[in-house]
Each structure stands twice: as C-alpha cells, then as structure tokens.
Amino acid sequence: MASIMSRNLLRASSRCLHTTSYKCADKGMPLPIEHATGLERRELEAIAAGNENPFDMRVIKRVAGATKDSPTEVPSAFEKRIMGCVCEEGATSINWMWLYRGQPKRCECGHWFTLVKSNPV
Amino acid sequence: MSLHSNHPYHLVEKSPWPLIASVSALMMVAGLVKWFHDFKVSLFLFGVVSILLVSAQWWRDTVREAAFQGLHTLKVAQGMRWGMVLFIVSELLFFFSFFWAYFHSSLSPTSEIGAQWPPASINGFNPFQIPLLNTAILLASGVTVTWAHHAILENEHSQSVQGLLATVLLGGYFTFLQAFEYSESAFSIGDSVYGATFFVATGFHGLHVIIGSTFLCVNLWRLVQGHFSSAHHNGVEAAIWYWHFVDVVWLFLYVSIYWWGY
C-alpha cells in the first residue's frame, strides 16, 4: 500500500522532472511531490533524495563488539532519545533506555551506545 | 522550525467531535426506543441530525489535517487504510448476521408459514425484472469506479471526474429504483418472517448504498477541488473499497433472497 505510493512517486520522478510535470499538467493533476505539503512533503523529499529512513525508525544493527571507544551510533534530532537493545538473537525482552547527547551508555549486555545528531525531517 | 518530535505519526489536537459524536449516537438510539414505545420521533431526529453535523465537521477537520496541513505521512496513510479495511470487515459481519437469519427461516420453513418459501400468500419480487436491472447497475458502477481510479493513477483528471460522476449517478439510479420497488411492494416488513428478513437485509443494504454514494460524492468534490494526487488519494480508495463491498453484498442478496428465495 505505502509501497505502491512510493513506487508511483519514484516512477514519476525517474523521468525528467520538467517533462513529467508538463505531462501531468496537461492531464490536469500535479506531481505527487508537488501536490504534497507540510510533513508529508518533507518525508517525500527525503525519500526522493535517497534517505529511505527519514524518521530514523529502522532497527539499527549493533556495531560488532561495540566498546566505550567505538559505541554503536544512534541518530536523533534532539538532546535525548529512547532506544532498546535486543541483547541476543531471539531475546524475549528489550532493554529500553534513554540516551542523552554527550553521554555514551552501556547496556547490561556490554554494548555501548551514543547519541549522534541527525537532522529532523 | 521548532519541533518537539521527529516521527511520522499524527498526534491529533484536542477536538470536541468524539464526545459529541458519542452523545449524538446515544440520542439516536435512545430516540429509536422512544419512537417505538411512545411514537415520538423528535429525539431520534435530533440524534440523526446531530450525528450528521458532527460527521461533517470531524471529517472536514481530517481533510484539513491531511490535504492542507500535510500531516498524513506514509505511516498515517497506512493506518487509515487498515482502519477502513477493518471497518469493512465489521460491516461484512453485520450483514452476515442478516443472511444467517434469512437462511435460518428459509431453509426449513415452519408450519406457521405453510412449510414453504416464500410463505403462503406472499408474492416476492420477480428476480428477472427490476432486481436484475439493479444488479446490472451496480456491476456497471463497479466498472466506472475502477475506471475513475485508474484515471487518478494516470493523472487523468478529467477522466477521473467522469468516472466518479458516472458511479455516483448509477448509485443514485439504484437507490431510486429500489425506492420504487419498496413503494410497489405487495408485502411489508410486518408480513411474516419473509417481510422481516427481506426488508431488514435489503433495507440496510440500501442504507449502505446511500452512504457509499455520499462517500463517493464527497470524494468527487474533493477531486474537483484538487485534494488528490496520483500517489496519495486514500479517501478515493476507501470509498471504492466500500462501494465494491456494497456491490458484493447486493450480489449475495440477489442470488440468495431474490433469486433462490423466489
């Protein structure tokens, strides 16, 4: 469903923008990305620019053997973020914790995490 | 810009509509009871008008949040689509119960109605007259609505308007014909279990046709206003799903009640 929407969008944007825009205007409807506004538009623009994960929602694979010196980096647009560590494959509970900018944190399983600045959508 | 969150979800602003909607629904059903017992229809009518006003304003606010504020991200749109699917499933179960009631009474008709179906002295509608025309109308409307959808996907604005308009007109024609049938009927809802099952099942179906036609009409207006793009038109898709559902229910009604039950 959502994939159909983004597939349509990508199909439209893969052609020359001017040509597609002209063809759309000829038939009376704007390009989806031109039609959108607000947060929806910013999300579509981020995806069109190549960022498939604009809200940093995907699961992040931990850097192997993360230590205090090379922690797994967790992106956030703000000063703090909740994150959960799945300590081992098939774990039945997630170890949730707050991460604060500038304070790397160690999960009980030994992995270190740090908050990294990323831009909001 | 000042942001407090960076997620795709829509946390809606405070709104009076949910509370007023539930109070209106309560007034409507309480009004039904008052109508049945005391023959006074005012509370029911007040409830119906109230529900209509709240629905219009609640959905108007949703349109504003989506089309004008751009708050309907991909995740939000997915949620809306799932919501519509689940709602249609609940409606399916609703109609299932009426079909159950119909088959319960018609598969082994009791001696009180003459151990036959239709019951003794009941003349049903000839399935090969207006009911068959109605079937053709709804099937045709399924074609026109699919045409409209494909037109939207291809950015063909004019064709999509034509397709939706044709669908709305066909829906109106169905409603008109069914109302005519009702007025010409040889039996009423009180005429044994036949009348009860017939009018409750076809009556609720007719109500759903009216609701579906209204939904399509609103989408036609929104299409003309330019609220939709080829990649984002969930209102249209929801209306189309609902319309196909209404069509399928009619096919079951036609085959079971009109044709098999004749």
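Bear in mind the structure is a predicted one, so any value in this text is a computation, not a measurement. (Residues numbered from 1 in each chain as written. Chains lettered and ligands numbered in written order. Predicted model: local features only at pLDDT ≥ 70, side-chain atom pairs only at ≥ 80, totals over all residues. Heavy atoms only, no water.)

**Description of the UniProt feature "domain: Heme-copper oxidase subunit III family profile" (unreviewed entry) in chain B**
The positions UniProt marks with the feature "domain: Heme-copper oxidase subunit III family profile" (unreviewed entry) are residues 5–262 of chain B. Regarding residues 5–262 of chain B, the helix share stands at 76% and the strand share at 0%, and the terminal C-alpha atoms are separated by 62 Å. (UniProt positions renumbered as here; feature names shortened; annotations may be inferred. Helix = DSSP H or I, 4+ residues; strand = E, 2+ residues; numbered from the N terminus.)

**Comments concerning the pattern of salt bridges**
Residues and elements named next belong to chain B. A full pass over the atoms with the stated rule returns five salt bridges over all chains. Its salt-bridge partner being R60, residue D61 comes within 2.8 Å of it at the nearest N-O pair. Linked by salt bridges that have partners in common, R60, D61 and R64 make up one network. (Salt bridge = Lys/Arg side-chain N within 4 Å of Asp/Glu carboxyl O.)

**Regarding the UniProt feature "binding site: Zn(2+)" (unreviewed entry) in chain A**
All names here are of chain A. Here, UniProt's "binding site: Zn(2+)" (unreviewed entry) annotation points to C85, C87, C107 and C109. Maximum C-alpha separation among the annotated residues is 8.8 Å over a sequence range of 25 residues, consistent with a single clustered spot. Lining the second largest pocket, from the residues named above, are C85 and C87. As for its placement among the helices and strands, C87 is situated in the loop between β2 (80–85) and β3 (95–100). Take C87: its relative accessible area is 25%, and that puts it in the partly exposed class. (1 Å grid on protein atoms, 1.4 Å probe; cavity = no way out; pocket = protein on both sides within 12 Å on 5 of 7 lines; lining within 4 Å. Buried < 20%, exposed > 50% of the residue type's maximum accessible area, 1.4 Å probe, protein only.)

**Observations regarding the layout of surface pockets**
Residue and element names in this part refer to chain A. Within this model, the second largest pocket holds a volume of roughly 600 Å³. Taken together, the elements giving at least two residues each to the lining of the second largest pocket come down to β1 (72–76) and β2. Looking at which element gives the most residues to the lining of the second largest pocket, the answer is β2, with five residues. Here the residues of the lining of the second largest pocket sort into 12 nonpolar, two polar and seven charged. (Points joined across faces, edges and corners; volume = space filled by probe spheres on them. Nonpolar A, V, L, I, M, F, W, Y, C, P; charged D, E, K, R; others polar.)

**Some thoughts on the confidence of the model for chain A**
Residue and element names in this part refer to chain A. Residues at a pLDDT of 70 or more form 79% of chain A, whose mean pLDDT is 83. Here helix α1 (residues 2–14) is the element of chain A with the lowest mean pLDDT, 51, and β3 is the one with the highest, 96. Scored below 50 in pLDDT, residues 12–19 shows four contacts in the model against residues more than four places distant or in partner chains. (pLDDT = per-residue confidence, 0-100. Contact = heavy atoms within 4.5 Å.)

**Describing the packing of helix α4 (residues 130–153) of chain B against helix α7 (residues 234–260) of chain B**
Residues and elements named next belong to chain B. Viewed as axis vectors pointing N to C, α4 and α7 meet at an angle of 160°, and their least axial separation amounts to 10 Å. The angle between α4 and α7 falls in the class roughly antiparallel. Crossing hand, α4 versus α7: left-handed. Residues P131, L132, N134, T135, L138, L139, S141, G142, V145, T146, H149 and I152 of α4 touch α7, and the partners they reach there are V236, E237, I240, W243, H244, D247, W250, L251, Y254 and Y258. (Axes fitted to C-alpha atoms, helices over the stretch in contact; angles between N-to-C directions. Parallel < 35°, antiparallel > 145°, perpendicular 65-115°, else oblique. Left-handed = near helix turned anticlockwise from the far one by under 90°.)

**As for the environment of B:A56**
Its place among the elements puts B:A56 in helix α2 (residues 42–68). Between the C-alpha atom of B:A56 and that of B:C217, which follows or precedes it by 161 residues, the distance is 13 Å.

**Quick look at the domain arrangement of chain B**
Residue and element names in this part refer to chain B. As far as domains go, chain B holds domain 1 (1–72) and domain 2 (73–259). Each of domain 1 and domain 2 has a C-alpha centre, and these two points are 24 Å apart. Around 730 Å² of area is buried between domain 1 and domain 2 when both sides are counted, 72% of it from carbon and sulfur atoms. Among the residues of domain 1 in contact with domain 2, P8, V63 and H72 are the three that bury the most area, contributing 62% of the side total. Summed over the shared surface of domain 1 and domain 2, the number is zero salt bridges. Class assignment of the residues belonging to the side of domain 1 that touches domain 2 gives a composition of six nonpolar, three polar and no charged. (Domains from an automatic or database assignment. Buried area = accessible area lost by both parts, 1.4 Å probe.)

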